[in-house]
Amino acid sequence: MRIVIYPGTFDPIHSGHIDIAERASRLFDKLIFAVAVNSYKKPLFSAQERIDMILESMKHINNIEAFSTEGLVADFAREYKAVAIIRGLRHVSDFEFEFQMATMNHHLNSSVSTLLMVTSEKYIHLNSSVVKDVARLKGDISNFVTPVVMENLKAKFGLT
Ligand code: ADP
């Protein structure tokens, strides 16, 4: 079974993430989201909340799983016997960081290869911070997140 892991903060999952996960899941037997617990980004949502939103948002795809991790992506990949790590690329500026990560992850776990998937044009400027900022100021983000994420953002920000 060929397993790919998709690591990130996913705080919360948005259409850019979903697009990458949908396309990558077609290339592998299983795609596992690795949800970073101790992210330096100080997440708005708990790891369990982020996992629940991922699973609900991806329920139309049947070869998806999601687990949290406090450790190295390379170790997560080893634990779940993954052959690949998928990452999304939005801008040229993403490349340098992704290149460093890919090289380090291969050093730490030589049985895993990193694949960089270019984002769909319409999601180039989308990221979780923008989603949270716009939602907090009551802007319309319905094109960029699923209904369950909308509900969770509203609850977090005390909006009705
Ligand atoms: P962000 O907070 O920027 O949305 P994450 O840490 O959750 O990012 O990102 C996890 C992975 O998803 C990374 O590989 C990232 O490049 C990718 N990603 C994030 N946003 C997009 C997008 N709009 N299109 C494609 N890939 C994306």
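Residues numbered from 1 in each chain as written. Predicted model: local features only at pLDDT ≥ 70, side-chain atom pairs only at ≥ 80, totals over all residues. Heavy atoms only, no water.

**Q** It is not clear to me how the site of the ligand should be interpreted in this structure. Could you clarify?
**A** Around the ligand sit 18 residues, and of these Tyr6, Gly88, Thr119, Tyr123 and Leu126 come closest. Contact distances for the ligand include 2.7 Å between an oxygen atom and a backbone N or O atom of glycine 88. Within the side chain of arginine 90, one N or O atom sits 3.1 Å away from an oxygen atom of the ligand. (Near = heavy atom within 4 Å. Polar contact = N/O pair within 3.5 Å; in protein donor to acceptor, adjacent residues only side chain to side chain.)

**Q** What is the right way to look at a nonpolar patch on the surface in this model?
**A** Side chains of Leu72, Met104 and Leu108 sit close together on the surface and give an oily, nonpolar patch of about 260 Å² of accessible area. Within the fold, leucine 72 resides in the loop between strand E3 (64-69) and helix H3 (73-79). (Patch = residues over 30% accessible without salt bridge, like charges linked within 9 Å, V, L, I, M, F, W, Y side chains within 5 Å. Areas by Shrake-Rupley, 256 points an atom, 1.4 Å probe, with all protein chains shown as cover. Salt bridge = Lys/Arg side-chain N within 4 Å of Asp/Glu carboxyl O. Helix = DSSP H or I, 4+ residues; strand = E, 2+ residues; numbered from the N terminus.)

**Q** Just to check I follow, could you spell out the pairing of strand E5 (residues 113-118) for this structure?
**A** Looking along a regular strand, one sees side chains alternate from face to face of the sheet. Two elements, strand E4 (residues 84-89) and E5, share six bridges in a ladder whose sense is parallel. Each residue of the ladder has a partner; that of leucine 89, found in E5, is valine 118. Assessed by its sense of winding, the connection that carries the chain from E4 through helix H4 (residues 92-108) to E5 is right-handed. (Pairing = 2+ DSSP bridges. Right-handed = clockwise from strand over helix to strand, strands pointing away.)

**Q** Explanation requested: the packing of helix H2 (residues 47-57) against helix H6 (residues 147-156) in the structure shown.
**A** For any two helices packed against each other, the geometry is given by the interaxial angle and the distance between the axes. Where H2 contacts H6, the two axes come as close as 9 Å, and the packing angle between them is 150°. Classed by the angle they form, the pair H2 and H6 counts as roughly antiparallel. Two secondary-structure elements touch here, H2 through Glu49, Met53, Glu56 and Ser57 and H6 through Val148, Val149, Asn152 and Lys156. Here the contact of H2 with H6 is composed, by residue class, of three nonpolar, two polar and three charged. (Axes fitted to C-alpha atoms, helices over the stretch in contact; angles between N-to-C directions. Parallel < 35°, antiparallel > 145°, perpendicular 65-115°, else oblique. Contact = heavy atoms within 4.5 Å. Nonpolar A, V, L, I, M, F, W, Y, C, P; charged D, E, K, R; others polar.)

**Q** When you look at unusual backbone geometry in this model, what are you seeing that I'm missing?
**A** With glycine set apart, most residues show a phi of negative sign, and most peptide bonds adopt trans. A cis amide bond, omega 0°, links aspartate 11 with the succeeding residue proline 12. With respect to the element layout, proline 12 can be found in the loop between strand E1 (3-8) and helix H1 (15-27). In this model, lysine 42 sits at a positive phi of 50°, which is unusual for a non-glycine residue. Locating lysine 42 in the fold gives a position in the loop between strand E2 (30-36) and H2. For lysine 42, a relative accessible area of 70% translates into the label exposed. (Buried < 20%, exposed > 50% of the residue type's maximum accessible area, 1.4 Å probe, protein only.)

**Q** Before we go on, may I ask you to explain the side chain of arginine 50 in this structure?
**A** Residue placement: arginine 50 occurs in helix H2. As a buried residue without a salt bridge, arginine 50 has its nearest oppositely charged side chain in aspartate 11, at a separation of 4.1 Å. Discounting chain neighbours no more than four positions away, the residues touching arginine 50 are Thr9, Phe10, Asp11, Val35, Ala36, Val37, Pro43 and Phe45. (Lys, Arg positive; Asp, Glu negative; His and termini not counted.)

**Q** Even after reading the chapter, I still don't get helix H5 (residues 128-136), so can you show me in this structure?
**A** Since the α-helix packs 3.6 residues into each turn, any two residues three or four apart lie on the same face. Within H5, burial applies to Ser128, Val131, Lys132 and Ala135. Around the axis of H5, the buried residues are gathered within 95° of arc, so they sit on the same side. Here H5 starts with a cap whose side-chain oxygen sits 3.0 Å from the backbone nitrogen of serine 129, and that cap is asparagine 127. (Arc of directions from axis to C-beta.)

**Q** What am I meant to see in the sheet that holds E4 here?
**A** In space, the five strands of this open sheet follow the order E3-E2-E1-E4-E5, with parallel pairing throughout. Of all strands in the sheet, those with a lone pairing partner are E3 and E5, marking the two edges. Geometrically, the sheet is characterised by an average inter-axis angle of 30° between neighbouring strands, direction not taken into account. Inspection of the sheet shows E1 paired to E2 by six bridges, in the parallel sense. Paired with valine 4 across the bridge in E2 is leucine 31. The strands touched by H1 are E1, E2, E3, E4 and E5; relative to E5, the strand with the most contacts, the crossing angle is about 125°. The strands that H4 touches are E4 and E5; relative to E4, the one it contacts most, it runs at about 170°.

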